[in-house]
Amino acid sequence: MRAASEAGLGQHVHVLFTDYTLDTDRRELRHGSEPIAVEPQVFDLLVYLVQNRDRVVSKDDLITGVWGGRAVSDSTLTSRINATRRAIGDSGDAQRLIRTISRRGFRFIGVVRMQGHGDETALPPDARSEHAQPGVPPAGPPAIAVLPFVNMSGDLEQEYFSDGISEDIITALCRYPSLLVIARNSSFTFKGRAVDVKQVGHALGVRYVLEGSLRKAGNRIRVTAQLVEADTGKHIWAERYDRDLLDIFAVQDEITEAVTLAVAPAIADAELHRAMRKPPGSLDAWAAYQRGLWYAGKANAADSALAEACFQQAIELDPSFAGGYKGLAKAQAQMADFRGRDLTEALKAAEALGRRAVTLDGADAEARARLANALYRQGDYEGGLAEAAHALAISPNLADAHGEQGAILIFSGRPKEGLAALERCVRLDPGRSALRLNQIALGLYFSRAYEAAVDAAKRAIRSYPDYPNTYRWLAAACGQLDRTKEAQEALEQAIALAPAAFEMYIRTRPPWIRPEDHAHMLEGLRKAGLPEG
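Worth saying up front: this structure is predicted, and the values here are computed from it rather than measured.

A few points about empty space enclosed by the protein
In total, this model carries two cavities of 30 Å³ or more according to the counting rule given. Put simply, the second largest cavity is a space of about 40 Å³. Elements that contribute at least two residues to the lining of the second largest cavity include exactly helix H19 (468-480) and helix H21 (499-507). For the lining of the second largest cavity, a count of residues per class yields six nonpolar, one polar and one charged.

Laid out in structure tokens, this is it:
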């Protein structure tokens, strides 16, 4: 009886979905009026999935909730999932009721009704899985389906190529921690069918659909891809790729990478706008987290304070959601920069929040990157680099992981390596890069490439005119170049935007800046007009 009671279904409750009834009191599963023989563990597994249908259930969740934390092999888990599907007329190919979410876990997606004490009631909308509601995309992190790319060349040999691109994109997108990617078996059921994206969204319970096509003429191919919001049919992104077909596998890899690197940021931007359109009183944890990211990206003190409140709200709405903790870690460290005080306490708090996020989801590369930031800013370069490397092992194209790695390399005395990592970070995510552009400027300054540092600082200021740290490096670089007027103007702006933070950087060396680099910064600022002492 463990899974039924722990899952909160209680006694004398019948759970109805399609033609099946799950009787938690008698521990029976019936198809119509006919009882179905199921093993006790399969029954417990089904109850657990049904009760937790509002989220993706991980392997660890199942081991804790169904097996009581005992060691379970992957083959045993797969066998029990397959048995559960068979018991309710489902299969790994169809996935009508139990869906596999690549690299994340499983989710029950059937429409559920509860019957207790003789009365049958449909669950209210806020108490059932949004996956189960026709035409409604899921709440929480965005789900995406990659449809098989259509071979329009008339050459059947290209069918393998078009399918290969779709499969590789599915695999690549699975590496992004913020995306739930529908497994190939589910998305490929639409192969060869003319379907509307709204129908796909309804059938697979996804917010976004990626579709594409392939044409071949001679030794040239053209691949087109488009990302569509399923419930509205709105095009989020589209691109065309023309290539010479010299090495088919190299071309396949190149197009897969290009599409993946474009799609993930496009979805991130769409999610930010989606969250900002929601009334504040209707936010779930994911939307509150996205709203926090929106404010944090503005890179000024007022919006950073709003970001901090949003991330705190996300934690209150769902204490088990890692996003709230990693977001709050980012916001608190950012606010310490603006306030210029309580830096030690803020960084310790950021580390604790980062570790909490990693504990909640050890496969979340963004949480690892956030922990890397908190560690190196306390002077632990080695620990920070280890976490950044761990994040990149999980998600090789995660911009933040490259950014943190680049920053750590710069501050630990390896600016050339750090600049290369930062340039990749900005290329992967050019839309949200205030901090990274500032770090490129200071990396060039540490390399004594002062002209380039001035250019990089000005590029950052054009995009983020209220971010104070960049003006400090602009002032120092102009001071080194004896461009006195420019240096003084930048110095005055750095002080005006965040006077307490400026004083902190001057009077006390932050723990992430080496003594020789701090002295180098002060040298440039004094040449810019900063008084001695």
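Right, picking up where we left off after that structure.
Focus on the packing of helix H11 (residues 322-339) against H21
It is at 5 Å that the axes of H11 and H21 come closest, and there the two elements cross at 90 degrees. Taken together, H11 and H21 sit at an angle that is classed as roughly perpendicular. Mapping the contact onto sequence places Asp337, Phe338 and Arg339 in H11 and Ala500, Ala501 and Tyr505 in H21. Taken together, the residues of the contact of H11 with H21 sort by class into four nonpolar, no polar and two charged.

Description of the nonpolar core
The biggest cluster of nonpolar side chains holds 57 residues, and the ones touching the most others in it are Phe411, Tyr445, Trp512 and Leu525. In contact with tyrosine 445, other than residues within four places in its own chain, are Tyr450, Ala453, Trp473, Ala476, Ala477, Gln480, His520, Met521 and Gly524.

Looking at the environment of aspartate 163
Examined against the element boundaries, aspartate 163 turns out to sit in helix H5 (residues 158-173). The class for aspartate 163 is buried, based on a relative accessible area of 13%. Between the C-alpha atoms of aspartate 163 and phenylalanine 188, which are 25 residues apart in sequence, the distance is 9.1 Å. Beyond its immediate chain neighbours, meaning those up to four positions away, aspartate 163 contacts Pro148, Phe149, Phe188 and Lys191.

What counts, and where the lines are drawn
- Residues numbered from 1 in each chain as written.
- Predicted model: local features only at pLDDT ≥ 70, side-chain atom pairs only at ≥ 80, totals over all residues.
- Heavy atoms only, no water.
- 1 Å grid on protein atoms, 1.4 Å probe; cavity = no way out; pocket = protein on both sides within 12 Å on 5 of 7 lines; lining within 4 Å.
- Points joined across faces, edges and corners; volume = space filled by probe spheres on them.
- Helix = DSSP H or I, 4+ residues; strand = E, 2+ residues; numbered from the N terminus.
- Nonpolar A, V, L, I, M, F, W, Y, C, P; charged D, E, K, R; others polar.
- Axes fitted to C-alpha atoms, helices over the stretch in contact; angles between N-to-C directions.
- Parallel < 35°, antiparallel > 145°, perpendicular 65-115°, else oblique.
- Contact = heavy atoms within 4.5 Å.
- Core = buried A, V, L, I, M, F, W, Y, C linked by side-chain atoms within 4.5 Å.
- Buried < 20%, exposed > 50% of the residue type's maximum accessible area, 1.4 Å probe, protein only.

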